Amino acid sequence: MSIAVSTSTDKIIVDKSRSHRNKAVSKTVRATRERLQTGSSAPSGFEREMLNLYIGSVLHGAIAMPLLVALITAVGIYLSGNLSIVVWAVMTLSAHAITVFLARKARKDEIAADKVPVWRRRFLIGQLLMGLCWATFMTQDCAACGDIRYGFFEGTVLLIALAATAMGTFLLRNALLYTFLPVVAALAFSSLTTGDPVHVGLTGVISLSLLFLVFMTDRMNRANVHILSMQSKKGDLIAELEVAKSMSDEARRRAEEANLAKSRFLASMSHELRTPLNAILGFSEVMSTEVLGPLNNPTYKEYTSDIHRSGEHLLNLINEILDLSRIEAGRYDLNEEAVSLVDIADDCIGMVQLRARAKTIGINAQFEQGMPAVWVDEKAMRQVILNLLSNAVKFTSSGGEITVKVGWTAGGGQYLSIKDNGPGIPEEEIPIVLSAFGQGSIAIKSAEQGTGLGLPIVQAILAKHNGELILRSKLREGTEAIAILPARRVLESLPAVEDVPAPARRRKSFA
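Under an unreviewed UniProt entry, the name given to the protein is Two-component system cell cycle sensor histidine kinase PleC, and the source organism is Ensifer adhaerens.

Okay, structure coming up:
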C-alpha cells in the first residue's frame, strides 16, 4: 500500500520531504562528537594557525633576546676585557632583527594558505642565522680567564640560549634543530681539532640537552596542534547543533501553526456541529416518544431511538474535544466557589446509579464526616467525578462493586478515590490511557468503547486546580483512580469573634 505525503502546510508539522536532511545533520553531529571523544593525539592540517601563533610569540617576546645578548656581552667583557664580543652582539642582534622584521611583515600581509611553506622556510632561515651567531660565540676566547673558567661561561650561555630558544620556537617545527645544529657542529669540530676536554664535555652536554629539548618541543607542538584541532571540531559541532536547532525551531513553529489551525477549526465548527445535532436529537426524541402521533412501523421507532443515541454520543464527543482544546489553549477559566466535595460526590453517585443498577453493580460510599468546603469550580469537579464514575461503571462486569471514598490526605488536602473490581489495566498501558485519545487493550476489546478523552480531561482539570490524578491498576485486580486537591484549596473555618466590651469614652480636656 502506498503512502501519500500531504503537501498542505496546515497539516504538515514536520516536513517529511526533508527527512534526508535531518538524517544527514544527525549523522554529522554524531561523527563530530565521536571525533571529539576519540580524536588522535597528533592531528595535522593546522600549519597556518601554528605559524600565526609563532609570529605572535616572536612579536610579543621581541625584547627578550636583546636583553639576553646585552647581559652576555657585559659579562663577557667583564671576564675577558676583550671588546671583540661586541661584534658578535651586533651580529646576533641583526639576525634577531631580521626575524622580527619577517614576523611583522607576515602579520601585516596576513599569510595565505598557499604561502605558508614559503614563510615557514623564511623563518627557519632566520633561525639558522641565529644558530650561526651562537656558533660564532664559540670562537671567542679569553687567555687571561683560563680554559675552564671561560668554558664554564660558554656552557652556561649556550644552555640558557638553548632553553630560551626552545621556549620561543616550539610553535615552529624543527626551529630548534636549525638553530643549534650549527653550534653542535662547531663544538664537535673544535673538539676533534684541538682535543680540548672542556669542549669535548661541552659538546656532549649541549648535544644531550638538544636531543631532550627537541623531544619536548615536538611534544609541545603536537599538543598545541591537538588543541587547535579540538577547537575546530568544537566549532563544527556547534555549527551543526545550530543547524539542528534551527530545524527543530522550524518543526516547532509548524507544530504551533498546526495546533492553531486545529483550535480555529474546532472553534468555528463547534456551532456548526452542535446546531444540527440539537435538531437531530430533538426531532428523534419527538418521533421516538410519538408526541405527534404513533409510528405504525415499529422498525422506524427503533431507528429513531438509534438516531437519538448516536446523536448523544456524537454530541458528548464534540463536547469532550472542545473541553480538551480549551484546556490546552489555556482558555478554560475556572469559576471557583466554596463547595463540599462530599456533596458533589454524593450527587454524582445518584446520577450514575441507574446505569449501575442496570448492570447489577453496587456502589459503596465511604465519606469522612465534618469535612470543610474546598475552593474549586463546581462544574469542573462534577465533570471529574462523573468521568471517573462512568469509567468505573463502564468497565466493571455485572455483579461487581465500586467503592467511592472522600477523605483527608497526609498533607492536609482532600482526595476522592473511586475503586472498582473490574478487569484492570496492564501497568505498561497506564501512560497510554492517560494520553489524549489513548485506549487500553481492555477498552478496545470492550463493547462500550469510549473516545479516550475522559482521563486526560480529568487530569487537566485537576492540574488547573493545582491537584493531581493518580491511577493505580493491576490486571484482573481492578482499578483505583485518586483525584487529589492540595491543602491550599481547603477552606478552614474561622472561630467566631468574641464580643468585646467597648472601651469607656475618655473625657477630653481643653486645659
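> Explain the sheet that holds strand E6 (residues 468-474) to me, please; I cannot follow it from the model alone.
Strand pairing in a sheet relies on backbone hydrogen bonds, with the paired strands running either antiparallel or parallel. The strand order E2-E4-E5-E7-E6 describes an open sheet built from five strands, whose pairing is mixed. Each edge of the sheet is formed by a strand with only one pairing partner; in this case those strands are strand E2 (362-367) and E6. Direction aside, neighbouring strands of the sheet carry axes that sit 10° apart on average. Relative to strand E4 (residues 401-408), E2 runs parallel, the two being bridged by six bridges. Opposite Asn 364, over in E4, you have Thr 403 as the bridge partner.

> What should I look at first to understand helix H14 (residues 454-464) in this one?
The α-helix advances 3.6 residues per turn, and as a result positions three or four apart in sequence lie on the same side. For H14, the tally of buried residues reaches eight of 11 residues, placing the bulk of the element in the interior. When we look at burial in H14, the residues that qualify are Gly 454, Leu 455, Pro 456, Ile 457, Val 458, Ala 460, Ile 461 and Leu 462. Looking one or two residues beyond H14, the residue adopting positive phi is Asn 466, at roughly 65°.

> Which parts of the structure should I look at to understand the environment of Glu 468?
Tracing the sequence through the fold places Glu 468 in strand E6. Residue Glu 468 is classed as partly exposed on the basis of its relative accessible area, which comes to 43%. Counting along the chain gives 16 residues from Glu 468 to Ile 484, while the straight-line C-alpha distance between them is 5.4 Å.

Cut-off values and rules
Residues numbered from 1 in each chain as written. Predicted model: local features only at pLDDT ≥ 70, side-chain atom pairs only at ≥ 80, totals over all residues. Heavy atoms only, no water. Pairing = 2+ DSSP bridges. Helix = DSSP H or I, 4+ residues; strand = E, 2+ residues; numbered from the N terminus. Axes fitted to C-alpha atoms, helices over the stretch in contact; angles between N-to-C directions. Buried < 20%, exposed > 50% of the residue type's maximum accessible area, 1.4 Å probe, protein only.

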